[in-house]
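Structural overview
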Amino acid sequence: MQRTVVVAGGGISGLTACYHLIKDVTVSKVILLEASSRLGGWMHSTRSDDGATFEHGPRGIRPAGVVGKNTLCMVSELGLEKKILPVLRNHPASKNRYLYVNKTLHKLPSSIGGVLRTIPPFTKPLFTCGLRDFVAPRGSTEDESIHDFITRRFGKELADIVIDSLCRGVFAGDSRALSLRACFPFLYEAERKKRSVILGMATGGDKRPQPDSELIKRSTQEKWSQWSLQDGLQTLSEALEEFIKQKGVEVHKNTPVKALERTADNRWKILLPEGSITADHLFSSLPAKVLSQLLPPFAKTMAADLSKISSATVAVVNLEYDGDVMPVSGFGHLIPSFEDPVLLGIVYDSLAFPEHNRRGSKSTRLTVMLGGAWFERVLGDPDTVSAEKLLHLAKEAAKEQLGIQGTPSRTIVNLNKTCIPQYTVGHYKRTESIFHFIKHHNLPLSLIGASYEGVSVNDCIYNARKSVQRLFGKPKD
Ligand SMILES: Cc1cc2nc3c(=O)[nH]c(=O)nc-3n(C[C@H](O)[C@H](O)[C@H](O)COP(=O)(O)OP(=O)(O)OC[C@H]3O[C@@H](n4cnc5c(N)ncnc54)[C@H](O)[C@@H]3O)c2cc1C
Ligand SMILES: C=Cc1c2[nH]c(c1C)Cc1[nH]c(c(CCC(=O)O)c1C)Cc1[nH]c(c(C)c1CCC(=O)O)Cc1[nH]c(c(C)c1C=C)C2
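Residues numbered from 1 in each chain as written. Chains lettered and ligands numbered in written order. Predicted model: local features only at pLDDT ≥ 70, side-chain atom pairs only at ≥ 80, totals over all residues. Heavy atoms only, no water.

Let us now look at the site of ligand 2. Taken together, 19 residues lie near ligand 2, and Arg62, Arg97, Gly169, Val170 and Gly332 sit nearest. In this structure, an oxygen atom belonging to ligand 2 sits 2.8 Å away from a side-chain N or O atom of Arg62. Between ligand 2 and Arg97 there is a distance of 3.0 Å, counted from an oxygen atom to a side-chain nitrogen or oxygen. Look at ligand 2: alone it shows 770 Å² of surface, and the protein chains cover 80% of it. Every element with two or more residues in the shell around ligand 2 is listed here: helix 7 (156–171), strand 15 (332–334) and strand 16 (343–347). Taken together, the residues of the shell around ligand 2 break down into 11 nonpolar, five polar and three charged. (Near = heavy atom within 4 Å. Polar contact = N/O pair within 3.5 Å; in protein donor to acceptor, adjacent residues only side chain to side chain. Areas by Shrake-Rupley, 256 points an atom, 1.4 Å probe, with all protein chains shown as cover. Helix = DSSP H or I, 4+ residues; strand = E, 2+ residues; numbered from the N terminus. Nonpolar A, V, L, I, M, F, W, Y, C, P; charged D, E, K, R; others polar.)

Turning our attention to the UniProt feature "domain: Amine oxidase" (unreviewed entry) in the protein. UniProt tags residues 12–470 as "domain: Amine oxidase" (unreviewed entry). Within residues 12–470, the helical portion is 38% and the strand portion 21%, while the C-alpha atoms at the span's ends are 19 Å from each other. (UniProt positions renumbered as here; feature names shortened; annotations may be inferred.)

It is worth spelling out the packing of aromatic side chains at this point. One pass over the full model with this rule turns up seven aromatic pairs. Note on Tyr19 and Phe243: the rings are 4.9 Å apart at their centroids and 50° apart in plane angle, and the pair reads as tilted. One end of the pair, Tyr19, is in helix 1 (residues 12–21); the other, Phe243, is in helix 12 (residues 234–246), with 224 residues separating them in the sequence. One exposure class covers both Tyr19 and Phe243, and it is buried. Ring geometry for Tyr98 and Tyr348: centres 6.4 Å apart, planes at 40°, overall tilted. With a gap of 250 residues between them, Tyr98 in strand 6 (residues 97–101) and Tyr348 in the loop between strand 16 and helix 15 (349–352) connect regions that are remote in the sequence. (Phe/Tyr/Trp six-rings, centres within 6.5 Å; stacked < 30°, edge-to-face > 60°. Buried < 20%, exposed > 50% of the residue type's maximum accessible area, 1.4 Å probe, protein only.)

With that settled, consider the sheet that holds strand 19 (residues 445–447). In spatial order, the strands read 9-2-1-13-19; together these five strands make up an open sheet with parallel pairing. Unpaired on one side and paired on the other, strand 9 (250–252) and strand 19 mark the two borders of the sheet. Strand-to-strand twist of the sheet, defined as the mean angle between neighbouring strand axes without regard to direction, takes the value 15°. Both strand 13 (residues 281–284) and strand 19 contribute to a ladder of three bridges, which runs parallel. Note on strand 19: the bridge partner recorded for Leu282 is Leu445. Packed onto the sheet, helix 1 meets strand 1 (4–8), strand 2 (29–33) and strand 13 and runs at close to 160° relative to strand 1. (Pairing = 2+ DSSP bridges. Axes fitted to C-alpha atoms, helices over the stretch in contact; angles between N-to-C directions. Contact = heavy atoms within 4.5 Å.)

Time to look at the nonpolar core. Counting 41 residues, the largest nonpolar core has Leu21, Leu78, Trp227 and Leu236 as the members making the most contacts within it. Looking at this core, the elements with two or more residues in it are strand 1, helix 1, strand 2, helix 2 (65–77), helix 11 (214–221), strand 8 (224–229), helix 12 and helix 19 (457–471). Broken down by element, this core gets its largest block of residues, six residues, from helix 1. What Leu21 contacts, discounting residues up to four positions off in sequence, is Val5, Val7, Val27, Val30, Phe283, Val468 and Phe472. Counting residues in each nonpolar core, the second largest holds 28 residues, with Val257, Leu294, Met302 and Leu306 among its members. (Core = buried A, V, L, I, M, F, W, Y, C linked by side-chain atoms within 4.5 Å.)

Below, the structure written as structure tokens:
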């Protein structure tokens, strides 16, 4: 039987789905539809003639766990091993992370000693927060905010300073609105299983079978904490694009899906700017809100759930300075929302990945991230905020927070509109209801992408693969 599968959205999720679909002999045709003029989605690197690379989206991928190892397998299959740039666990970019509190940079403890002593900005040793976890009662609600959970189990200071910042540094989100169960499912499970989160995590561990390969062995032996690629992470989406085109996937750029209609024989009629195509099955990697606007009227309850999964806007400002101008060495620093709601944090890119620095003369590359869940509240409508204003805020942050006085030699401002999905309290209920609707109505539809079950590159790649396997009835791992 001829079977046509359409993948909507050519970010890392859609590309990975194509990569696995094309290997299946029962699929006769795979078509990728991408609205913009390039593939990769938020995976986006700028390369300069002098060898400098600037990331506007993801910049580091973790090798650990099933999801990290799964990505490394794909990297090997794509022949990218020689392009990997690992950061080792004992490197300052792995060990040193900072918080900017009370107008001062504070290094987060990376050893037992730092947890046993009182170190600023905290008013007591951090281990005392852990003691509370052993006596705190188990939560009584099905879901709660990350801030409420941490306050209940570890105290308000940890929640206000560390967890507030962490949620900004991963989700660009507000820990008071984000769901513990959806964002950190291992913490939710740990409390349910052992009552003490610390005990639950210590005895838990991932029971899924761990993939293995030469590259995975190397990453374990060399103790990598994260990795990137020569010329930036966009090298990964480019390799996937080349691979799927070679294998015969039909790739259509500048081709947004405009609407979806269900045919009488349970297929999709996919409406495009010019004409339409019919698909036996659709993989949507589109942001949930975008998909909600494309569905036909019979799916209005599902569309209502999808429309509630919103995303935060992040301004990403890359700055390059002449010489080594850094006062500290590390991964970067985060800024809790009480210190400054709009400045999320600064990544010290040139320390983790000096290979991305320009050739010839020394330079420092930083990325200032702004906005997130606070964007509209503080900066107003993203469509009317000027690049000059964002650049000014970023340069002032580098000056005030890192003492960098000079003028940057190069700047790039990107406004990533609605780029990180926000799994707010109740997310698990919304996704359950969405997946139930698809099953109940026997829709030939698979949902992949950052909107549902994890925002990291690893999660997107793993969930796209799992979703393809599920369609073909292959066992899950
Ligand atoms: C600033 C930033 C920093 C990040 N840092 C990290 C990091 O360091 N490490 C990490 O692991 N993760 C990081 N992430 C997260 C990760 O990069 C993303 O979650 C991931 O790239 C999302 O991929 P995706 O394919 O699911 O979605 P997307 O990249 O959003 O892809 C969806 C695609 O669909 C297309 N599209 C939209 N509408 C339509 C339509 N109607 N028809 C057809 N196509 C359409 C879009 O143009 C896009 O190409 C970061 C994200 C951002 C934004
Ligand atoms: C300041 C804003 C942001 C910074 N990075 C991101 C934002 C919104 C996005 C992001 N960062 C990470 C991920 C993937 C998560 C994963 O599960 O792998 C995403 C989507 C990685 C990450 N960055 C920080 C942490 C603690 C993590 C989790 C994984 C890990 O421990 O390595 C902290 C952090 N992010 C930023 C800065 C400046 C910073 C801390 C110093 C930038």
